[in-house]
Every structure is written in structure tokens, then in C-alpha cells.
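# A structural walkthrough
Residues per chain, in single letters:
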Amino acid sequence: SVRYIFQGVCDGCKRLESVKWSKSAQTIFENTFRGCEKLNKISNIKSVKSINSHAFYGTGFNSFVLPTACINVETGAFANCKNLELVRVGKSVRNISNLTFTLSPKISIECKNNPVVKNWATRQGIPVHETKLNAFLDSIDTEKERGDEV
């Protein structure tokens with residue numbers, strides 16, 4: 001199985017709409033999907049622990065669920081995502097860089113029992129909402145298995 005998918009592998013793929021991620025790849029590296037304007041669906045990311053700088057810069061997501069294994073989201077990972085309105089964050093996230101969602105004007109955060117994320121979002125001026133546990137877990141555990149495996 002694929003363990004590493006190197007940075008920039010799909011950088012600028014203008015027609016890419018969905019991806020089925022490799023279950024064994026734990027990092028989405030820098031610029032992996034940068035500029036994939038139509039990308040709005042990614043599945044199979046439950047094992048991802050880190051989303052590196054500009055990994056999803058300028059993509060077409062309306063919402064995104066950070067996997068429960070994710071502990072780190074780097075600078076600009078979701079920057080310039082004009083359609084991105086909601087990101088669901090689990091309690092394992094321990095680091096979100098300050099400019100993660102820069103130029104993503106509609107963004108709001110939904111989380112459950114994560115004071116690190118709540119404090120970070122408040123400092124950034126990003127609306128943060130507490131979510132009901134069952135609805136939150138359902139959204140994380142019901143990833144669709146569609147798309148092309150990277």
C-alpha cells in the first residue's frame with residue numbers, strides 16, 4: 001500500500017473533483033492539492049495525522065471534516081478556499097497555525113470538547129460552535145468511499 005504521497009503531486013489539477021486517499025498515508029504534504037479548484041470530496045483520510053502547509057489551498061470544499069487522528073494543521077492548509085464554510089474538528093487536534101484559513105471568508109469551526117481549537121478560533125476571529133456528540137461522531141465516521149485513489 002502507498003505510505004507516502006509527496007508534496008505537490010496534484011498541484012494545479014484543475015479538473016480533479018474527488019479523491020480516495022491511501023489508508024496508510026498519514027500526512028497530506030505541502031501543496032498536495034493546491035489550486036485544485038473543483039476538489040470538493042476526499043475520502044479514506046481517517047489515518048491522517050498531519051495536514052501540511054497549503055495542502056488544500058484554493059480547493060472547492062464547502063465543508064471539511066478533519067479526521068479524528070489529525071493532531072496538526074499547518075499554515076495556509078485551507079487558505080483561499082472561497083466556498084469553505086464549515087470545518088469539523090475533533091478533540092485530538094493540538095496545533096492549528098495562525099494562517100490556516102486565511103482568505104477563506106465564510107469559515108466557521110465546529111468542535112466538541114477541544115479548548116485548544118476553541119481558543120485558537122476565538123483569537124483568529126473565526127466563529128466556533130459546540131456540536132452535539134452523536135451528530136459529530138456520525139459525520140466523522142461515515143466517510144464515503146468514492147473517488148480515485150491517490
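Heads up: the structure comes first, above all this text.
Attention here is on the structure that accompanies the text. Treat the numbers as computed from the prediction; the structure is a model and nothing was measured. (Residues numbered from 1 in each chain as written. Predicted model: local features only at pLDDT ≥ 70, side-chain atom pairs only at ≥ 80, totals over all residues. Heavy atoms only, no water.)

Glancing now at the environment of Ile 71. Position of Ile 71 among the secondary structure elements: in the loop between strand 5 (63-65) and strand 6 (72-73). With 25 residues separating them in the primary sequence, Ile 71 and Ile 96 have C-alpha atoms 8.5 Å apart. (Helix = DSSP H or I, 4+ residues; strand = E, 2+ residues; numbered from the N terminus.)

Moving on: the sheet that holds strand 8 (residues 95-96). If you trace the four strands from one edge of the open sheet to the other, you get 2-4-6-8, paired in parallel fashion. Either end of the sheet is taken by a strand with one partner, and the two such strands are strand 2 (27-28) and strand 8. Where strand 2 meets strand 4 (residues 50-51), two bridges bridge the pair, whose relative direction is parallel. Across the sheet, the residue bridging to Ile 28 is Ile 51, located in strand 4. (Pairing = 2+ DSSP bridges.)

Within the fold, Asn 114 resides in the loop between strand 9 (108-111) and helix 1 (115-124). Take Asn 114: its relative accessible area is 0%, and that puts it in the buried class. Of the polar contacts made by the side chain of Asn 114, one reaches the backbone oxygen of Lys 91; its length is 3.5 Å. A polar contact of 3.1 Å, which involves the side chain of Asn 114, links it to the backbone oxygen of Val 93. Beyond its immediate sequence surroundings of up to four residues, Asn 114 is in contact with Val 89, Gly 90, Lys 91, Ser 92, Val 93 and Arg 94. (Buried < 20%, exposed > 50% of the residue type's maximum accessible area, 1.4 Å probe, protein only. Polar contact = N/O pair within 3.5 Å; in protein donor to acceptor, adjacent residues only side chain to side chain. Contact = heavy atoms within 4.5 Å.)

Further remarks concern the sheet that holds strand 10 (residues 128-130). Read from one edge to the other, the open sheet built from four strands follows the order 5-7-9-10, with strand pairing classed as parallel. Of all strands in the sheet, those bounded by a partner on one side alone are strand 5 and strand 10. Averaged over all pairs of adjacent strands, the angle between their axes in this sheet comes to 20°, without regard to strand direction. For strand 5 and strand 7 (residues 86-89), the ladder comprises three bridges, and the chain directions are parallel. Among the inter-strand pairings, Ser 63 is bridged to a residue of strand 7, identified as Leu 86. (Axes fitted to C-alpha atoms, helices over the stretch in contact; angles between N-to-C directions.)

In strand 9, alternate side chains face the same way, and those of Ser 108 and Glu 110 on one face and Ile 109 and Cys 111 on the other are all buried. Relative to strand 9, strand 7 is paired through four bridges, and the arrangement is parallel. From the neighbouring strand, Arg 88 faces strand 9, where its bridge partner is Glu 110. The pairing of strand 9 with strand 10 spans three bridges and is parallel. Across the sheet, Ile 109 pairs through a bridge with Val 128, a residue of strand 10. Regarding topology, helix 1 serves as the crossover connection from strand 9 to the parallel strand 10, and that connection is right-handed. (Right-handed = clockwise from strand over helix to strand, strands pointing away.)

Take helix 1 next. Restricting attention to buried positions, one finds in helix 1 the residues Val 117, Trp 120 and Ala 121. All buried residues of helix 1 fall inside an arc of 95° around its axis, so they share one side. Turned more than 90 degrees from where helix 1 packs its buried face, Pro 115, Thr 122 and Arg 123 sit exposed. Those residues of helix 1 that are buried lie in contact with strand 7, strand 8, strand 9 and strand 10. Positive backbone phi, approximately 75°, marks Gly 125, located one or two places after helix 1. (Arc of directions from axis to C-beta.)

Keep in mind these numbers describe shape, not what the thing actually does.
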